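So you can see what is in the structure, the chains are spelled out below.
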Amino acid sequence: MSAAIGFIGLGVMGEPICRNLLRKSGRPVVAFDLAPEPLARLAAEGARIANSVAEVVAGSEVVFLCLPSAKHVSSAFEGEAGILHAVQGAQMIIDLGTSEVGLTRDFARRLAEKSAAWIDAPIARTRQAAQDGTLSVMVGASPEHFAKVEPLIRHFATDITLCGGTGAGQVTKILNNMVLFETVNALAEAVAIARHSGVEPKLLLETLSKGSADSFALRNHGLKAIVPGEFPLRAFSTEYALKDLGYALDLAAQAGLQTRGAALVRTVFTEAIDKGLGDAYFPVIAKLIDPHESPK
């Protein structure tokens, strides 16, 4: 039998990614999460369910993590039942989440002391892309490690970029998110101004999509969230957006750079959270600009 793939973290993105590995890799998959519902769904499709992080690591050659934040990753890494204690030999741990660059490099150093590898491979694009297997993945790894993991990542991603050594995937993803957040804020402002100036918001964005203002954010976050006023709870929340933006601002501070646009959006996110919108899909910041005219 082929060596098993481990998977820890079966949330909105993790569950469909794990499902794609289960269906396409031809290898057994060992899964763990604290929530029983996704475990039951994947068990019905043939995944083996583990009772702990350590059990996943002990039974797998490669382990994917898809966890919400650096705090959750640290919890899975440390301790007697954690990754560092359980890892053996030349195993590879692949972090699909967005996390702190310094922490990523520290994990990689500590695993290397045990002959194992920590690879940062944060994912981009939407929940639908996770289901369809069309994610973009930004990898920080040696060329040798990249060559080993890239075929596995192909099962759930169509665009895979080796961005450099350890931590480079995280830097790239953090900056991707910073640009996305600033763009979404601009779109929210444009929609509000259009609505108050007699131009229908959907028509505005559809027209902008034909010119130099077009973007992925416009076609997805703008047209699918801001225009209809749909900001679901089980999506990329304002709280998570603020976390990722904080990573970008930390990198800027370390480099001695002033990033005024990112700092402004941090203020916007903080205000949204203070108004009780922290769990909503982050384009909900549109409500701060135009609270009376938003459809929802």
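One can find the structure itself at the top, above this paragraph.
Here the structure is a predicted model, which means the values were calculated and not measured.

### Things to note about the overall build of the chain
Looking only at helices and strands, the chain features 14 helices and nine strands. Computed over its C-alpha atoms, the radius of gyration of the chain comes to 20 Å, within 12% of the 19 Å expected for a compact globule of 296 residues. Counting only C-alpha atoms and orienting by the principal axes, one finds that the chain spans roughly 65 × 45 × 35 Å. Here the chain holds 296 residues, and the buried ones make up 51% of them. A sequence separation of at least 24 residues applies to 68% of the contacts in the chain between residues at least 6 apart. For the chain, the accessible area works out to roughly 13,300 Å², and carbon and sulfur atoms hold 54% of it.

### Notes on the packing of helix H12 (residues 238-254) against helix H13 (residues 260-274)
Taken N-terminus to C-terminus, the directions of H12 and H13 make an angle of 155 degrees; their axes are 10 Å apart at the nearest point. By the angle between their axes, H12 is roughly antiparallel relative to H13. As for the relative orientation of H12 and H13, their crossing is left-handed in sense. Where H12 abuts H13, its residues Thr 238, Glu 239, Ala 241, Leu 242, Leu 245 and Leu 249 lie against Ala 262, Ala 263, Val 265, Arg 266, Phe 269, Thr 270, Ala 272 and Ile 273.

### Topic: the state of the cysteines
Within this structure, the stated rule accounts for zero disulfides. The structure places no disulfide on Cys 66, whose sulfur is separated from the nearest cysteine sulfur, that of Cys 18, by 9.8 Å. Of the residues examined, Cys 66 reaches a relative accessible area of 13% and is grouped as buried. Distance from the sulfur of Cys 163, which forms no disulfide, to the nearest cysteine sulfur (Cys 66) is 17 Å. Classification of Cys 163 as partly exposed rests on a relative accessible area of 29%.

### Notes on helix H8 (residues 143-153)
Among all positions of H8, only Phe 146, Val 149, Glu 150, Leu 152 and Ile 153 are buried. Down the axis of H8, the smallest arc covering the buried residues is 155 degrees, so these residues share one side. Across from the buried face of H8, at angles greater than 90 degrees, the exposed residues are Glu 144, Ala 147 and Lys 148.

### Notes on unusual backbone geometry
In terms of backbone geometry, most residues other than glycine have negative phi values and most peptide bonds are trans. Positive phi, normally seen in glycine, also occurs at Ser 115, with a value near 70 degrees. When you line up the elements, Ser 115 lands in the loop between helix H6 (101-112) and strand E6 (117-120). Positive phi outside glycine occurs at Arg 125, with the angle close to 100 degrees. With respect to the secondary-structure elements, Arg 125 resides in the loop between strand E7 (123-124) and helix H7 (127-132). A relative accessible area of 38% places Arg 125 in the partly exposed class.

### A look at the pairing of strand E9 (residues 157-164)
Where strand E8 (residues 135-140) meets E9, six bridges bridge the pair, whose relative direction is parallel. The residue bridging Val 137 from the neighbouring strand is Ile 160, located in E9. Crossover handedness for the path E8 to H8 to E9: right-handed.

### Looking at the packing of aromatic side chains
Considering all chains together, one arrives at eleven aromatic pairs under this definition. With 5.7 Å between their ring centres and 80 degrees between their planes, Phe 236 and Phe 282 make a pair best called edge-to-face. In this pair, Phe 236 sits in the loop between helix H11 (216-226) and H12 while Phe 282 sits in the loop between H13 and helix H14 (286-289), placing the two residues 46 residues apart along the sequence. Ring geometry for Phe 269 and Phe 282: centres 6.1 Å apart, planes at 85 degrees, overall edge-to-face. Of this pair, Phe 269 sits in helix H13 while Phe 282 sits in the loop between H13 and H14; the two residues are 13 residues apart in sequence, bridging distant segments of the chain. For the pair shown, Phe 269 and Phe 282 are each scored as buried. Within the aromatic cluster, the residues linked to one another by ring pairs are Phe 181, Phe 236, Phe 269, Tyr 281 and Phe 282.

About the cut-offs
- Residues numbered from 1 in each chain as written.
- Predicted model: local features only at pLDDT ≥ 70, side-chain atom pairs only at ≥ 80, totals over all residues.
- Heavy atoms only, no water.
- Helix = DSSP H or I, 4+ residues; strand = E, 2+ residues; numbered from the N terminus.
- Rg over C-alpha atoms; globule rule 2.2 N^0.38 Å.
- Buried < 20%, exposed > 50% of the residue type's maximum accessible area, 1.4 Å probe, protein only.
- Contact = heavy atoms within 4.5 Å.
- Areas by Shrake-Rupley, 256 points an atom, 1.4 Å probe, with all protein chains shown as cover.
- Axes fitted to C-alpha atoms, helices over the stretch in contact; angles between N-to-C directions.
- Parallel < 35°, antiparallel > 145°, perpendicular 65-115°, else oblique.
- Left-handed = near helix turned anticlockwise from the far one by under 90°.
- Disulfide = S-S within 2.5 Å.
- Arc of directions from axis to C-beta.
- Pairing = 2+ DSSP bridges.
- Right-handed = clockwise from strand over helix to strand, strands pointing away.
- Phe/Tyr/Trp six-rings, centres within 6.5 Å; stacked < 30°, edge-to-face > 60°.

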